[in-house]
Amino acid sequence: MKKKQTLSVSMMDQQQALYSALSARDRKFDGRFFVGVSSTGIYCRPVCSARTPKIENCTFYPSAAAAELAGFRPCLKCRPELAPGLALIDLGNRYAQVAVQLIEQGYLSEHSCEQLATRLGISDRHLRRIFAEQLGASPIDYAQSHRLLQAKRLLMDTALPLSEVAFAAGFGSLRRFNELFKARYRLIPSALRSAAARHGGTASSGLIFHLGYRPPYDWPRMLAFLQARAVNGVEHVAGNQYWRSIAVQQGGVAYCGWVSVQPDEARNRVRVEVAPALSRVTTEVLRRIRQLFDLDAAPDRIADALGSLVADAPGLRLPGCVNSFEQATRAILGQLVSVKMAAIFAGRIAQNWGTPLAQPNGSITHVFPEAAKVAQLQPEELRPLGIQLKRAAALIEMARAVTEGRLQLDNVLDIEQGIKALTALPGIGSWTANYIAMRAWSWPDVFLAGDYLIKQRFPGMTPRQIEQYAERWRPWRSYATLHLWHNGGWVPSTDAEMVIVK
Ligand SMILES: [Zn+2]
């Protein structure tokens, strides 16, 4: 039941501000709010190309789930499922961030909401309150909307049979899928498929999807970063296309295959092709691609905070990963050697102990080995690959800590504690641990004050002074680090100048 309420002045201001963003089709708000239109019963992204509705017909929602709960159906034109997700920082509460990550990984398909709260170390009531405040929906409602939108994506973009769509979207049964679909969208799934075809849908026989991002996006720099570090057999960059292997564990089954990613800059989205072997885990594969390419970033907010530092490359993104163990391994292998050498070592590990793909794609032949596999090795076995004994020992010890549950590399709630847990292991120093937080956990606020290149940007300053200087870049110090790496011409300003600039 909808509550009738008088809008306060600040709510009216907010309504007006959101309406202005909607009228301007401002891309920086894409995915940050959705608009429900009472005259049509449809909800849209703020960038929808349909005619702007009248303000009195608009209600704004912080998430797709909230719009659906209010009875709106997703637009077939702008397709809410293609919108970029919320940047980590948009969900101001770290519990909400990690809960959303876990839900999008399918946690609530196998666990209860109470178990999710326990996993986060808070009460069920507290978790529900956080979700209500930040997303306008309960965790269960959020999970259901997420599954439905993934199903909608698969119905519109693929020719997969309905039972496969239900499974891949995370529904326990086809019946459950049909029921929820009808209840929320007031359509049966096959009717949505035909409606999509009428809207110019292009379901293809392959698995081709699109993921939106908020421009600007510096593709040349992102692709160059990945190319310089590409691991032989696992990753490949050619032109503006990126290929790699991915393994996803789901329901006790390991799905292994390749993906390819290519920007479609004119439409502010990427085109992702997924190997048929991964069809049942597309939701998770797409989530990892979003993380690897930092597609949920909010460049306007980063620019606001970093000021002139971003002027050189306003679309710079934080490269993430698709597998935290692989990324942590690469960080350890990169200690005191060149980027190129680290990639060569990682490639040798993949060739020796990775899982060969049943259907390789060109040079993509293996998935990187799991922690359990590396945990069984002895340091001497890595020596013929050119890897120092001490580094091999550090790597194997990290793999054992992960396998034995002593170290968590996924969905880390407390980043500071996570970094501490890493540095408590032998052979992992502060740089490596912080770099893992930056790349494997996509934490936006890591500053590598002790990094060789960073130190060079601050001539005559101690790491402590550099760290103090970088305080002004919170909570985006990972992006500041990247900008400093890329921008050789940058010089620190004096604090007096900073005051004037402000
Ligand atoms: Zn729309």
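- The name given to the protein in an unreviewed UniProt entry is DNA-3-methyladenine glycosylase II, with Serratia oryzae as the source organism.
- Per its UniProt entry, the protein bears the Cofactor (unreviewed entry) comment "Zn(2+)".
- Quoted straight from UniProt, the Catalytic activity (unreviewed entry) entry for the protein says "Hydrolysis of alkylated DNA, releasing 3-methyladenine, 3-methylguanine, 7-methylguanine and 7-methyladenine."

**Some points on the overall build of the protein**
Phase 1 of the analysis: Per the secondary structure count, the protein includes 24 helices and 11 strands.
Phase 2 of the analysis: Since a compact globule built from 502 residues should have a radius of gyration of about 23 Å, the 23 Å found for the protein is in line with a globular shape.
Phase 3 of the analysis: Over its C-alpha atoms, taken along the principal directions, the protein stretches across nearly 65 × 60 × 45 Å.
Phase 4 of the analysis: Partitioning the contacts of the protein with sequence separation of at least 6, the portion at a separation of at least 24 is 64%.

**What about the sheet that holds strand 5 (residues 207-212)?**
Phase 1 of the analysis: Sheet architecture is open: five strands sit in the order 5-9-8-7-6, paired in antiparallel fashion. For this open sheet the edge positions go to strand 5 and strand 6 (235-238), each flanked by a neighbour on one side alone. Across this sheet, the average inter-strand angle for adjacent strands is 30°, counted without regard to direction.
Phase 2 of the analysis: Two strands pair when backbone bridges link them, and strand 8 (residues 253-264) and strand 9 (residues 269-274) are joined in this way by six bridges, in the antiparallel orientation. If you follow Gln262 over to strand 9, its bridge partner there is Arg271.

**Remarks on the domain arrangement of the protein**
Phase 1 of the analysis: Segmenting the protein into domains produces domain 1 (9-75), domain 2 (88-198), domain 3 (208-224 + 232-301), domain 4 (324-439) and domain 5 (446-502).
Phase 2 of the analysis: Placing the centre of domain 1 and that of domain 4 at their C-alpha centroids yields a distance of 44 Å.

**Comments concerning the UniProt feature "domain: HTH araC/xylS-type" (unreviewed entry) in the protein**
Phase 1 of the analysis: The UniProt entry lists residues 97-195 under the feature "domain: HTH araC/xylS-type" (unreviewed entry), expressed in the numbering used here.
Phase 2 of the analysis: Along residues 97-195 the backbone is 79% helical and 0% strand, and the end-to-end C-alpha distance reaches 34 Å.

**Comments concerning unusual backbone geometry**
Phase 1 of the analysis: Cis geometry is adopted by the peptide bond preceding Pro216, which originates at Pro215 and carries an omega value of 0°.
Phase 2 of the analysis: Note that Pro216 resides in the loop between strand 5 and helix 11 (219-228).
Phase 3 of the analysis: The omega angle of the peptide bond from Arg474 to Pro475 is -5°, so this bond is cis rather than trans.
Phase 4 of the analysis: One can find Pro475 in the loop between helix 22 (463-470) and helix 23 (477-486).
Phase 5 of the analysis: A positive phi is found at Arg79, a non-glycine position, where the angle reads about 55°.

**Comments concerning the nonpolar core**
Phase 1 of the analysis: In this structure, Val259, Val272, Val285, Ile289 and Met398 are the most contacted members of the largest nonpolar core, which totals 97 residues.
Phase 2 of the analysis: Here the element with the most residues in this core is helix 18 (residues 389-403); it accounts for eight residues.
Phase 3 of the analysis: The contacts of Val272, once residues within four sequence positions are left out, are Phe209, Leu211, Val259, Val261, Leu286 and Ile289.
Phase 4 of the analysis: Core analysis: the next-biggest nonpolar cluster, separate from the first, contains 52 residues, Tyr61, Leu116, Ala143 and Phe177 among them.

**What about the confidence of the model for the protein?**
Phase 1 of the analysis: Predicted confidence across the protein gives a mean pLDDT of 93, with 95% of residues reaching 70 or more.
Phase 2 of the analysis: Every residue in residues 1-5 is under pLDDT 50, and counting partners more than four places away or in other chains gives zero contacts.
Phase 3 of the analysis: Low pLDDT, under 50, characterises residues 496-502; the stretch is placed with two contacts to residues that sit more than four places away or in other chains.

**Section: helix 14 (residues 324-333)**
Phase 1 of the analysis: Counting buried positions over the 10 residues of helix 14 gives 10, a clear majority of the element.
Phase 2 of the analysis: If you check which residues of helix 14 are buried, you get Ser324, Phe325, Glu326, Gln327, Ala328, Thr329, Arg330, Ala331, Ile332 and Leu333.
Phase 3 of the analysis: For helix 14, the elements touching its buried residues are helix 15 (339-353), helix 16 (371-375), helix 18 and helix 20 (430-439).

**Some points on the pairing of strand 11 (residues 364-367)**
Phase 1 of the analysis: Pairing geometry for strand 10 (residues 355-361) and strand 11, over three bridges, is antiparallel. Opposite Asn361, over in strand 11, you have Ile364 as the bridge partner.
Phase 2 of the analysis: Taking the residues that link successive antiparallel strands as the turn, the strand 10-strand 11 hairpin has two residues, and the phi of Gly362 there is positive, at about 55°.

**Overview of the sheet that holds strand 2 (residues 42-44)**
Phase 1 of the analysis: Spatial ordering of the open sheet is given by 3-1-2-4, a layout of four strands whose pairing is mixed. Edge positions in the sheet fall to strand 3 (58-61) and strand 4 (73-74), since each has one partner strand and no second.
Phase 2 of the analysis: Where strand 2 and strand 4 come together, two bridges link them in parallel fashion. Note on strand 4: the bridge partner recorded for Ile42 is Arg73.

**Side note on the pairing of strand 8**
Phase 1 of the analysis: Bridging between strand 7 (residues 241-250) and strand 8 involves nine bridges; their strand directions are antiparallel. Residue pairing for strand 8: Trp243 is matched across the bridge by Ser260.
Phase 2 of the analysis: Counted between consecutive antiparallel strands, the loop separating strand 7 from strand 8 contains two residues, among which Gly251 sits at a positive phi close to 55°.
Phase 3 of the analysis: Joining the antiparallel neighbours strand 8 and strand 9 is a turn of four residues, in which Asn268 adopts a positive phi near 50°.

**Observations concerning the packing of helix 7 (residues 139-157) against helix 8 (residues 162-169)**
Phase 1 of the analysis: At their nearest, the axes of helix 7 and helix 8 sit 8 Å apart, and the two run at 140° to each other. With respect to each other, helix 7 and helix 8 are oriented oblique. Between helix 7 and helix 8 lies a crossing of right-handed hand. Residues Arg147, Gln150, Ala151, Leu154 and Leu155 of helix 7 pack against Val165, Ala166, Ala168 and Ala169 of helix 8.
Phase 2 of the analysis: Broken down by class, the residue content of the contact of helix 7 with helix 8 amounts to seven nonpolar, one polar and one charged.

**Digging into the environment of Leu425**
Phase 1 of the analysis: The topology assignment puts Leu425 in the loop between helix 19 (415-423) and helix 20.
Phase 2 of the analysis: A sequence separation of 30 residues divides Leu425 from Leu395, and the C-alpha atoms of the two residues are 9.7 Å apart.
Phase 3 of the analysis: Leave out the neighbours within four places in its chain, and Leu425 touches Glu397, Met398 and Ala401.

**Description of the packing of helix 14 against helix 20**
Phase 1 of the analysis: At a minimum axis distance of 9 Å, the contact between helix 14 and helix 20 shows a crossing angle of 145°. Seen along the crossing, helix 14 lies across helix 20 with a hand that is right-handed. Where helix 14 approaches helix 20, its residues Gln327, Ala328, Ala331 and Ile332 are matched on the opposing element by Thr432, Tyr435, Ile436 and Arg439.
Phase 2 of the analysis: Considering only residue class, the contact of helix 14 with helix 20 consists of five nonpolar, two polar and one charged.

The rules behind the values
Residues numbered from 1 in each chain as written. Predicted model: local features only at pLDDT ≥ 70, side-chain atom pairs only at ≥ 80, totals over all residues. UniProt positions renumbered as here; feature names shortened; annotations may be inferred. Helix = DSSP H or I, 4+ residues; strand = E, 2+ residues; numbered from the N terminus. Rg over C-alpha atoms; globule rule 2.2 N^0.38 Å. Contact = placed C-beta atoms within 7 Å. Pairing = 2+ DSSP bridges. Axes fitted to C-alpha atoms, helices over the stretch in contact; angles between N-to-C directions. Domains from an automatic or database assignment. Core = buried A, V, L, I, M, F, W, Y, C linked by C-beta atoms within 7 Å. Buried ≥ 20, exposed ≤ 12 C-beta atoms within 10 Å, placed from the backbone. pLDDT = per-residue confidence, 0-100. Parallel < 35°, antiparallel > 145°, perpendicular 65-115°, else oblique. Left-handed = near helix turned anticlockwise from the far one by under 90°. Nonpolar A, V, L, I, M, F, W, Y, C, P; charged D, E, K, R; others polar.

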